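Secondary and tertiary structure notes
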Amino acid sequence: MGCCVAEEERRVRANAREYNEKFQYASNCIKTSKYNIITFLPVNLFEQFQEVANTYFLFLLILQLIPQISSLSWFTTIVPLVLVLTITAVKDATDDYFRHKSDNQVNNRQSQVLIGRVLRQEQWMNVRVGDIIKLENNQFVAQADLLLLSSSEPHGLCYIETSELDGWVPPLALQGRERETNMKVRQAIPVTAELGDTSKLARFDGEVICEPPNNKLDKFGGTLYWKENKYPLSNQNMLLRGCVVRNTEWCFGLVIFAGPDTKLMQNSGRTKFKRTSIDRLMNTLVLWIFGFLVCMGVILAIGNAIWEHEVGVCFQIYLPWDEGVHSAFFSGFLSFWSYIIILNTVVPISLYVSVEVIRLGHSYFINWDKKMYCAKRRTPAEARTTTLNEELGQVEYIFSDKTGTLTQNIMVFSKCSVNGHSYGDVQDVLGHKAELGERPEPVNFSFNPLADPRFQFWDPSLLEAVKLGDPHVHEFFRLLSLCHTVMSEEKSEGELLYKAQSPDEGALVTAARNFGFVFRFRTPKTITVHELGQAITYQLLAILDFNNIRKRMSVIVRCPEGKIRLYCKGADTILLERLHPINQDLTSVTTDHLNEYAGEGLRTLVLAYKDLEESYYKDWSERLRRAGSAPEAREDRLARLYDEVEHDMMLLGATAIEDKLQQGVPETIAILTLANIKIWVLTGDKQETAVNIGYSCKMLTDDMTEVFMVTGHTVLEVREELRKAREKMMDASRSVGNGFSYQEKVSSSKLTSVLEAIAGEYALVINGHSLAHALEADMEVEFLETACACKAVICCRVTPLQKAQVVELVKKYKKAVTLAIGDGANDVSMIKTAHIGVGISGQEGIQAVLASDYSFSQFKFLQRLLLVHGRWSYLRMCKFLCYFFYKNFAFTMVHFWFGFFCGFSAQTVYDQYFITLYNIVYTSLPVLAMGVFDQDVPEQRSMEYPKLYEPGQLNLLFNKREFFICIAQGIYTSVLMFFIPYGVFADATRDDGAQLADYQSFAVTVATSLVIVVSVQIGLDTGFWTAINHFFIWGSLAAYFAILFTMHSDGLFRMFPNQFRFVGNAQNTLAQPTVWLTIALTTVVCIMPVVAFRFLKLDLKPELSDTVRYTQLVRKKQKTQHRCMRRTGRVGSRRSGYAFSHQEGFGELIMSGKNMRLSSLALSSFASRPSTSWIETLRKKKGCEAGGASSPGGAADKTLKV
């Protein structure tokens, strides 16, 4: 909206641009670009200098322009700064170019707009609120939300596909399964449905008063005022931006919301910027380094003032002070700023660019990984951000959705309960329940010519009941064929295609179809069903639609004999309390069946009906009409009327739908658990199903000490259940005995320490109503302490808000890296709340993907994302940072030592060209190659040995301790780098007997030693050599010597005599054997302690990665020696995993499954792994420290014996 005042309501008049323009509604022109040709340079530079680092280097550049304090040329700073600014600007310009291109593509789409009485071709960017637009079949609704006025279909119907709103679904052809097609129907209100030609539409001057722009995709409230009448409008009358018109020749719509006001754009809320823990640490370290830089500057400035006062004053005739310097104190003050300039390379500007380049490379590796590509859906993995890659190697908690994430979201009608009789169990020839693998032939539906050949059912008794005319069974399937929003398309005679809004509905309607109750087609007022071959048309009086609050849907129909009946289906928790008391006995039996189905992990719904009196219905219908046209609180009034009529219903039975696990889910969860990653499933399922979910996914096992169930309905009950769970865990630990008494544990001020000492493995299952109390401020700490002591946590019956609250709770107190993974719109808040959000591009839509940081199509790829890409990214970034700080301290601190020998005059050891090129040319590419390509063990070993992941969780590879070690090594190297050549040059002579010591020879020697030492060091640090590593390391050395000899060449001196004065110095210096011996001695003395330390560490205290590498070498040798020996392996048994859950909300889908064993290959590899007790010791120490800080409790991160 153009005006600054918030919009309270929207008024839109058709065919009246002048009237609508006075409200200053948003233009339909989309602009996501940030710059244009004129504003790019100033705006981009302004944005870049918002970065503290860039501002810092600009400040240094300004200092270098002051001759009194600068001993370096301005280009030593401006060249790196301009390079960084240019690279960033090119990246920003490229991104913005594609934004411009995308904007132009959308804005220039053609549309047919009714102007005057004629349809004219207009660009979308020129469409205005209040315009009437014509859309045709398969046309994309590009940029506006439209009120449907009329269409080519009877009764003003219009069919749409919401691919952009709900997600793209691949064209699967799966036997006996239903998939979501996202096909929906919209309808014009009757008064405008008759406006079918342009002349009538041109005279249409109705005015719409509706809600202001908002992000509620499933709701719309408004009223059309026309010809002194008013007509209620709802979401069923709207065509939203992002949908596609299908199976409709043409339709006309009135633009209500345009451009950024559309509901889709309103939904694209800003995702908060996420930073990694390494980013935060690096910012702290850079501040420390800056403080260290200031300290060095102060020391050298004081030294300068003392030297000038005590010594320099005696040499005033030879070394006069600069103009304007009148005292030793002021000389020291200027010297301070001079040394700040010289020593600034301890924080090189290239650090930030290098980090971004490395992260970009890691992101491309994820995108290019063929092992994370799903061929069936033609979906690759995608890194949607480049800033979080290394944090993938530090994840401690995973929060997972169920349906579509752990399961396939492909539904199969499995079982049902009708009038107290359960159908669906597979029976053998003797009538006994068949075991798995003993399934007989499926039920033969050949009697039904309209049956779906892909549907399969194994219990013939249900079909027999249908054929015998069981009235309860007939009413059961009649309800399934009527109570839905499925659309039917008949491609040819008898070939039906159902288009359902959810896979559940498709599965239920298909089941009714095969058992002889075939839904054929619908109109806005009728539904036609073929019941056992006889076509029967029901008058559709009302649809009481499903939503997440109601958790049920109903239809009211008039039967052919004139009777009015309400059919309802919904969640058991909702429907069972709305039944007539006469159903008590049947309810008890059906509840047992529901619990049995839930125990098997099936998704359940309860079915009921109610006959309505004619007089009551007329009265209720009139009240419904008035509520539907109410200007205020329309939704609340409708909800109350729906609730009124959906009472005292008669129970028919229940359905059970199977949702199968995705391939590899149990193995993935088992391996991630071995990597000490805790996985919490946040599901909407009932508790019985949730427990089965845990067992199917290997989260819960029979070996567990106990699975705690928290089901309290009050605060006191929940607190008591959590307390008892903690006491049981500590009592069990006391009985086992861990080297100290129970009293010692209890007396500890840190509960984290107590929980760390717990013996045994526990799990926690908590209900949604209990979780609501557990998340309250006065109990959240107790809940977290108990949950984190458990190996697995399952939260059932949770809402999307509770999912986000659970994630936020762990983030707040545990200070651990969290990852949330889901595939539906209900997972978006959880995905945005976690440190890392992963979207599954599956059946439920793309909203989760759009909100995520990483996306792929199957849960099993999470294992590879974390254990391979995440671990490598963390390893590479840590090694890069350690080496980067080392090489720059080794380079810079030489100036500090030199200051004590040059009268603190702020002279540099190296020439200014070496200072400029050191971080840009000589040392940049080798460290980049290591940061992008390095790996400690191959990817197969990373997957086989999940314990390799733990150093990232413990932050072992780069922390404050490792930083100080790198700094110490850099300072040690700088000391030797300066004093060994200094000592040698003090008495050394050339071959001709002349004195060797001169400033330039010393500078060349030190610079050459430095480049060789840091090159050898990176060779030692590199764990995985590629051709690129070789090329960059040896190529950088070659480039150094080539540039060195060029700068001291006669030709360059003739062209620039004032800049390159030391002709032949490099050639003469490096021609002396003494110099090369000095370089060799410096290199050996710098490198040998590092080699010795690493050798001793490898021999005395090897890390797990060292052991894995050694094992790999041994295997290679054995393979070479015993090539004739054949490798044999044990074949692991594997049972089918089935998913199941009760659907509590549209998009709130959950999962479970039957036991599936971990693959034998993984188990056999785990069995032979070495001890990692040193990691566990560190983990416990970390847990104690966290408990002493802000953490209220710690996790019982028990060692998994592998």
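By the naming in an unreviewed UniProt entry, the protein goes by Phospholipid-transporting ATPase and is assigned to Willisornis vidua. Looking at the protein in UniProt, the text filed under Sequence similarities (unreviewed entry) is "Belongs to the cation transport ATPase (P-type) (TC 3.A.3) family. Type IV subfamily." According to its UniProt record, the protein has this under Subcellular location (unreviewed entry): "Membrane".

**A few points about the packing of helix α13 (residues 471–482) against helix α14 (residues 503–514)**
Taken N-terminus to C-terminus, the directions of α13 and α14 make an angle of 130°; their axes are 8 Å apart at the nearest point. Between α13 and α14, the crossing angle belongs to the class labelled oblique. The two elements α13 and α14 meet at a crossing, and its hand is left-handed. Across the interface between the two elements, Phe477, Leu480 and Ser481 from α13 touch Leu508, Val509, Ala511 and Ala512 from α14. When its residues are assigned to classes, the contact of α13 with α14 shows six nonpolar, one polar and no charged.

**With respect to the pairing of strand β9 (residues 222–226)**
Along β9, four of the five residues are buried, which leaves the element largely enclosed by surrounding structure. Note: strand β8 (residues 207–210) against β9, four bridges, orientation antiparallel. Along β9, the bridge assignment pairs isoleucine 209 with threonine 223. Sheet analysis places β9 next to strand β10 (residues 229–233), joined by five bridges and oriented antiparallel. Its bridge partner lying in β10, tyrosine 225 is registered against lysine 230. In sequence, β9 turns back onto β10 through a hairpin of two residues, with lysine 227 there showing a positive phi of about 50°.

**Concerning the state of the cysteines**
Under the criterion given, the structure shown has zero disulfides. In this structure cysteine 568 is not part of a disulfide, and its nearest cysteine sulfur, from cysteine 483, lies 6.4 Å away.

**Examining the sheet that holds strand β1 (residues 10–13)**
Spatially, the four strands line up as an open sheet ordered β1-β8-β9-β10, and their pairing is antiparallel. The open sheet terminates on both sides in strands that have one partner only, identified here as β1 and β10. Averaged over all adjacent pairs, the angle separating strand axes in this sheet is 20°, with direction ignored.

**What to know about helix α16 (residues 584–599)**
In this model, α16 (16 residues) spans 22 Å end to end at C-alpha, consistent with the 22 Å of a helix rising 1.5 Å per residue. Along α16, the residues that are buried comprise Leu586, Thr587, Thr590, His593, Leu594, Tyr597 and Ala598. Buried residues of α16, viewed axially, fall in a sector of 135°; they line one side. Those residues of α16 that are exposed and aimed more than 90 degrees away from the buried face are Gln584 and Asp585.

**A closer look at the pairing of β1**
On β1, burial follows the alternation: Arg10 and Val12 on one face are buried, whereas Arg11 and Arg13 on the facing-out side are not. Looking at chain direction, β1 and β8 are connected through four bridges and run antiparallel. Note that in β8 the partner of arginine 11 across the bridge is isoleucine 209.

**A closer look at the nonpolar core**
By size, the foremost hydrophobic cluster in this structure holds 97 residues, and its most contacted members are Phe880, Leu881, Tyr910, Phe914, Phe958 and Leu1010. With 18 residues, the single largest contributor to this core is helix α29 (residues 861–899). Those residues in contact with leucine 1010 that lie beyond four places of it in its chain are Ala890, Phe891, Tyr910, Phe914, Tyr918 and Met977. Among the nonpolar cores identified, the runner-up in size contains 50 residues, and Phe476, Ala507, Phe515 and Ile527 belong to it.

**As for unusual backbone geometry**
Phi angles above zero are rare outside glycine, and leucine 532 is one such case at about 50°. As for its placement among the helices and strands, leucine 532 is situated in the loop between β21 (526–531) and β22 (534–544). On the basis of relative accessible area, leucine 532 is assigned to the partly exposed category, the value being 44%. For asparagine 676, which is not a glycine, the phi torsion comes out positive at approximately 65°. Looking at where asparagine 676 falls in the secondary structure, it is placed in the loop between α19 (665–674) and β27 (678–682). Note on asparagine 676: relative accessible area 8%, which makes it buried.

**Overview of the pattern of salt bridges**
Tallying each qualifying case throughout the model produces 50 salt bridges. With a shortest N-O distance of 3.3 Å, arginine 11 and glutamate 207 are connected by a salt bridge. Here glutamate 207 lies in strand β8 and arginine 11 lies in strand β1, a separation of 196 residues in the sequence. Given the relative accessible area of 11%, glutamate 207 is considered buried.

**Focus: the sheet that holds strand β15 (residues 395–400)**
Hydrogen bonding along the main chain pairs the strands of a sheet, whether they run parallel or antiparallel. Spatial strand order, β14-β33-β32-β31-β15-β27-β30-β29-β28: nine strands in an open sheet with mixed pairing. Two strands lie at the open edges of the sheet, namely β14 (382–383) and β28 (706–710), each paired on one side alone. Across four bridges, β15 lies against β27 in parallel orientation. Bridging across to β27, serine 400 finds its partner in valine 681.

The rules behind the values
Residues numbered from 1 in each chain as written. Predicted model: local features only at pLDDT ≥ 70, side-chain atom pairs only at ≥ 80, totals over all residues. Heavy atoms only, no water. UniProt positions renumbered as here; feature names shortened; annotations may be inferred. Axes fitted to C-alpha atoms, helices over the stretch in contact; angles between N-to-C directions. Helix = DSSP H or I, 4+ residues; strand = E, 2+ residues; numbered from the N terminus. Parallel < 35°, antiparallel > 145°, perpendicular 65-115°, else oblique. Left-handed = near helix turned anticlockwise from the far one by under 90°. Contact = heavy atoms within 4.5 Å. Nonpolar A, V, L, I, M, F, W, Y, C, P; charged D, E, K, R; others polar. Buried < 20%, exposed > 50% of the residue type's maximum accessible area, 1.4 Å probe, protein only. Pairing = 2+ DSSP bridges. Disulfide = S-S within 2.5 Å. Expected span 1.5 Å × (residues − 1). Arc of directions from axis to C-beta. Core = buried A, V, L, I, M, F, W, Y, C linked by side-chain atoms within 4.5 Å. Salt bridge = Lys/Arg side-chain N within 4 Å of Asp/Glu carboxyl O.

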